Amino acid sequence: MEGQIILLHGPSSVGKTTLAHVLQDRLDQPFWHISIDHLRDHRIVPMHRYQSGDFNWQQDRQVIFTAFHASLAAYASSGVNIIVEHIIDTAGWIEELVKLFRDIDVYFVGMHCKLDTLTRRETIRGDRPIGSAKQDFARVHEGRKYDLEIDGTDDPITSADAIIKGLRSGLRSSEFY
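As the structure is a prediction and not an experimental result, all values here were calculated from the model.

Thresholds applied
Residues numbered from 1 in each chain as written. Predicted model: local features only at pLDDT ≥ 70, side-chain atom pairs only at ≥ 80, totals over all residues. Heavy atoms only, no water. Helix = DSSP H or I, 4+ residues; strand = E, 2+ residues; numbered from the N terminus. Rg over C-alpha atoms; globule rule 2.2 N^0.38 Å. Contact = heavy atoms within 4.5 Å. Phe/Tyr/Trp six-rings, centres within 6.5 Å; stacked < 30°, edge-to-face > 60°. Buried < 20%, exposed > 50% of the residue type's maximum accessible area, 1.4 Å probe, protein only. Arc of directions from axis to C-beta. Salt bridge = Lys/Arg side-chain N within 4 Å of Asp/Glu carboxyl O. Pairing = 2+ DSSP bridges. Expected span 1.5 Å × (residues − 1). Polar contact = N/O pair within 3.5 Å; in protein donor to acceptor, adjacent residues only side chain to side chain.

K.L.:
Provide a residue-level description of the overall build of the chain, including the pertinent values.
P.N.:
Scanning the chain from terminus to terminus reveals eight helices and five strands. In sequence order, the chain lays out its α and β elements as β-α-β-α-α-α-β-α-β-α-α-β-α. Relative to the globule expectation of 16 Å for 177 residues, the C-alpha radius of gyration of the chain, 16 Å, shows essentially globular dimensions. When its C-alpha atoms are laid out on the principal axes, the chain stretches across 45 × 35 × 30 Å. Sequence-distant contacts, at least 24 apart, represent 79% of the contacts inside the chain between residues at least 6 apart.

Okay, here's the thing in structure tokens:
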């Protein structure tokens, strides 16, 4: 049996991680929470070596994300439900994901909030290059078609409940269908 994917998409600092944690607490089945940040922060991807110049990030970035995307499909195809947080910011990624997830139930959620909120959150976090949120804000939602769009400043419990209701409805209208 295939797992389901809840794909949270939006700019850096919009609240994807917070929402993923609330979803895990409220869903009636187990869902793994997966993001590229986990690979980076837990040294699965040796980012310290890229940052020091030992390895070339620009050269390896596409291979890393291609593997990340394939792993998501493998988890779901194996029957694991997953909540994915992602910033789909590179040409070809959405097409790659649509192809990989073609036989998987994907609920695609667009997360938005005002630029000043993103910038403030980014500054408070301190773990992102300043300006990442602004760069993401200007382009990540262009051309995307979601099953649900939410405001990242709304109460995460309310947002999670809206996602769960949509997921359970079986109705899908995103570019994954």
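Structure shown, so let's carry the discussion forward.
K.L.:
Please give an account of unusual backbone geometry that cites residues and values.
P.N.:
Notably, Ser13 is not glycine yet its phi reads approximately 75°, a positive angle. Position of Ser13 among the secondary structure elements: in the loop between β1 (4-9) and α1 (16-26). Despite not being glycine, Arg43 shows a phi value in the positive range, around 60°.

K.L.:
Residues and numbers for the environment of Leu115, please.
P.N.:
The topology assignment puts Leu115 in helix α6 (residues 115-125). Setting aside residues no more than four positions away along its own chain, Leu115 makes contact with Ala133, Lys134 and Phe137.

K.L.:
Kindly report on the packing of aromatic side chains, identifying the contributing residues and their values.
P.N.:
One pass over the structure, following the stated rule, counts eight aromatic pairs. Ring centres of Phe65 and Phe68 lie 6.3 Å apart, and the angle between their planes is 90°; on these two criteria the pair is classed as edge-to-face. Of the two residues, Phe65 and Phe68 both sit in helix α4 (residues 57-77), three residues apart, roughly one turn of that helix. Like Phe65, the residue Phe68 is buried in the burial classification. Chaining the aromatic ring pairs together yields one cluster made of Phe101, Phe108, Tyr146 and Phe176.

K.L.:
With reference to specific residues and values, describe α6.
P.N.:
Inspection of α6 places Thr117, Leu118 and Glu122 among the buried residues, and these make up the whole buried set. Projected onto a plane normal to the axis of α6, the buried residues spread over an arc of 130° and lie on a single side. Relative to its buried face, α6 has exposed residues pointing more than 90 degrees away, namely Asp116, Thr123 and Ile124. Tucked inside the fold, the buried residues of α6 contact α7 (132-137).

K.L.:
Go over the pattern of salt bridges, please, and point to the residues and values.
P.N.:
One pass over the full model with this rule turns up eight salt bridges. For Arg49, the salt bridge identified is with Asp54, shortest N-O distance 2.6 Å. What makes Arg49 partly exposed here is its relative accessible area of 33%. Taking the shortest distance from any N to any O, the salt bridge between Arg144 and Glu175 comes out at 2.8 Å. Of this pair, Arg144 sits in the loop between α7 and β5 (148-151) while Glu175 sits in the segment after α8 (156-169), and the two are 31 residues apart along the sequence. If you follow the salt bridges from partner to partner, you end up with Asp37, Arg40 and Asp41 in one network.

K.L.:
So what's going on with the pairing of strand β3 (residues 82-86)? Which residues, and what values?
P.N.:
Across the five residues that make up β3, a large majority, five, are buried. Residues Ile82, Val84 and His86 line one face of β3 and the alternating positions Ile83 and Glu85 line the opposite face, and both faces are buried. Direction of pairing for strand β2 (residues 32-35) relative to β3: parallel, over a ladder of four bridges. Paired with Ser35 across the bridge in β3 is Glu85.

K.L.:
Would you mind going over α4 in detail, with residue names and values included?
P.N.:
Between its first and last C-alpha, α4 extends 29 Å over 21 residues, near the 30 Å set by a 1.5 Å rise per residue. Within α4, the full set of buried residues consists of Arg61, Ile64, Phe65, Phe68, His69, Leu72, Ala73 and Ala76. Each element contacted by the buried residues of α4 is listed here: β1, β2, α2 (36-41), α3 (47-52), β3 and α5 (93-100). With a side-chain oxygen positioned 3.0 Å from the backbone nitrogen of Gln58, the residue opening α4 is Asn56. Where α4 ends, the next residue or the one after it, Gly79, has phi of about 105°, a positive value.

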